[in-house]
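Okay, here's what each chain looks like letter by letter:
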Amino acid sequence: MRLANLALVSLLAVMQAASAQEADTLGKIKRTGSISIGHRESAAPFSYVNAQHKPAGYTLDLCMQVVDAIKKSLSLPELKINYVLLSATDRHAKISDGTVDLECGATSNLKERAKTLGFSNTIFYADTKILVRADSGIKSIDDLKEKRVVLTQGAVGATMLSKMDAQKGLKIQYIRSRENSESFKLLEERKVDAFVHDDIQLAMFASKTDNPKTYLMLDTSLSRDPIAIAMRKGDAPLEKIVNAALDSAYKSGEFQKIYAKWFVTPKFKFPMGDAMKEILNHPNNTPTN
């Protein structure tokens, strides 16, 4: 029995050591000479697949600043980037199990998520809002009574809208989709009456249509959430490099250039607000509810 117990203790020690080694993301990157970057298909302007079928977006550009910092820190002249396409439903699992080293998407840092995931300092603030067709007659949340509302799986707006629905007795008909592009298409084709998501992504979808004025974003904000680069929980060395790279990019002006590239364009203007400037001057990764 004693031998069996010793064997069990030894096995647990080996498993814990292996787990610790796996959690050493920088060590793995050094050994393999590669880094796995998770991205999304249709979470523009943060993370999406462009017309050339390549990953692109605001968060991807910021992650390239991090990649450069990792190369310098590990004295790696070259670092192979493996891009991994993530969905709204599998992204958290693939971060936790080590499939991706950095999730460069549009993930909100929420208290519940922060229990199992690590997050960089905030890179954007997003308000959860409601997009409707301008001719729908919907002007407020109350007008959603018995209407069809689409929510992308994994989006944060579902909880807040459900609470308001229950309080007001709206009896909203909820429809779930797998990706944001699918959600917007349902609104575009009048198969739903409203699309609830981050304001910036809603505005981006509308701006890319032939007539953006076809759509109306309601003033009411369901929540304000910090968006960040996600990584494995408890990987302090990686988190330190990520945040140092973001801070360095901000102090050099590169962060502002990347922001302007994606959010202040001839067709799309979403200038940096006071809350965003404040978080960059006093960086933190405080989650929201």
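Above this text is the structure in question.
Residues numbered from 1 in each chain as written. Predicted model: local features only at pLDDT ≥ 70, side-chain atom pairs only at ≥ 80, totals over all residues. Heavy atoms only, no water.

A. Structural context of the environment of G38. On the secondary structure map, G38 appears in strand β1 (residues 34-40). Of the residues examined, G38 reaches a relative accessible area of 0% and is grouped as buried. Remark: the alpha-carbon pair of G38 and L60, spanning 22 residues in sequence, is separated by 9.1 Å. Those residues in contact with G38 that lie beyond four places of it in its chain are V84, L86, V100, L102, E103, C104 and G105. (Helix = DSSP H or I, 4+ residues; strand = E, 2+ residues; numbered from the N terminus. Buried < 20%, exposed > 50% of the residue type's maximum accessible area, 1.4 Å probe, protein only. Contact = heavy atoms within 4.5 Å.)

B. Broad picture of helix α6 (residues 157-168). Here α6 contains 12 residues, and its C-alpha end-to-end distance of 17 Å stays within 8% of the 16 Å for a straight helix at 1.5 Å per residue. Among all positions in α6, only G157, A158, L161 and D165 are buried. Buried residues of α6 fall within an arc of 90 degrees about the axis and therefore sit on the same side. Across α6 from its buried face, at more than 90 degrees, point the exposed residues A166 and Q167. Lining the buried residues of α6 we find β8 (124-133), β9 (148-152), β10 (173-177) and β11 (194-198). Directly beyond the C-terminal end of α6, a positive phi value near 65 degrees is found at G169. (Expected span 1.5 Å × (residues − 1). Arc of directions from axis to C-beta.)

C. View of helix α11 (residues 274-281). Listing the buried residues of α11 in full gives M276, I279 and L280. Around the axis of α11, the buried residues are gathered within 100 degrees of arc, so they sit on the same side. Against the buried residues of α11 lie α3 (58-73), β8, α9 (236-252) and α10 (254-263).

D. Up close: the packing of aromatic side chains. Throughout the structure, instances matching the rule amount to 17 aromatic pairs. On the basis of an interplanar angle of 25 degrees and a centroid distance of 4.9 Å, the ring pair of F124 and F263 is categorised as stacked. One end of the pair, F124, is in strand β8; the other, F263, is in helix α10, and 139 residues separate them in sequence. Here F124 falls in the buried class, since its relative accessible area comes to 2%. Geometrically, the ring pair formed by Y250 and F255 is edge-to-face, given 6.3 Å between the ring centres and 90 degrees between the ring planes. (Phe/Tyr/Trp six-rings, centres within 6.5 Å; stacked < 30°, edge-to-face > 60°.)

E. The nonpolar core, seen in detail. Core analysis: the biggest nonpolar cluster contains 48 residues, and Y58, I70, L102, I123, F124, F255 and F263 have the highest contact counts within it. For this core, the secondary structure elements donating two or more residues are α2 (25-32), β1, α3, β8, α8 (199-207), α9, α10 and α11. With near-sequence residues (within four places) excluded, Y58 lies in contact with P45, F46, I123, F124, F255, I258, Y259, W262, F263 and M276. V132, I138, L151 and L218 belong to the second-largest nonpolar core, a separate cluster that totals 15 residues. (Core = buried A, V, L, I, M, F, W, Y, C linked by side-chain atoms within 4.5 Å.)

F. Spotlight on the pattern of salt bridges. Scanning the entire structure with this criterion turns up 12 salt bridges. Across the salt bridge formed by D101 and K28, the nearest N and O atoms sit 2.6 Å from each other. In this pair, D101 sits in the loop between α4 (91-96) and β6 (102-103) while K28 sits in helix α2, placing the two residues 73 residues apart along the sequence. By relative accessible area, D101 is classed as buried at 4%. Judged by relative accessible area, which is 24%, K28 ranks as partly exposed. R40 is the salt-bridge partner of E179, the closest N and O atoms lying 3.3 Å from each other. (Salt bridge = Lys/Arg side-chain N within 4 Å of Asp/Glu carboxyl O.)

G. Inspection of the state of the cysteines at higher detail. Scanning all chains against the criterion turns up 1 disulfide. Linked covalently through their sulfurs, C63 and C104 form a disulfide whose S-S length is 2.0 Å. Taking the torsion about the sulfur-sulfur bond, which here is approximately -100 degrees, the covalent link between C63 and C104 counts as left-handed. Of this pair, C63 sits in helix α3 while C104 is found in the loop between β6 and α5 (111-114), placing the two residues 41 residues apart along the sequence. Exposure class is identical for C63 and C104. Each is buried. (Disulfide = S-S within 2.5 Å.)

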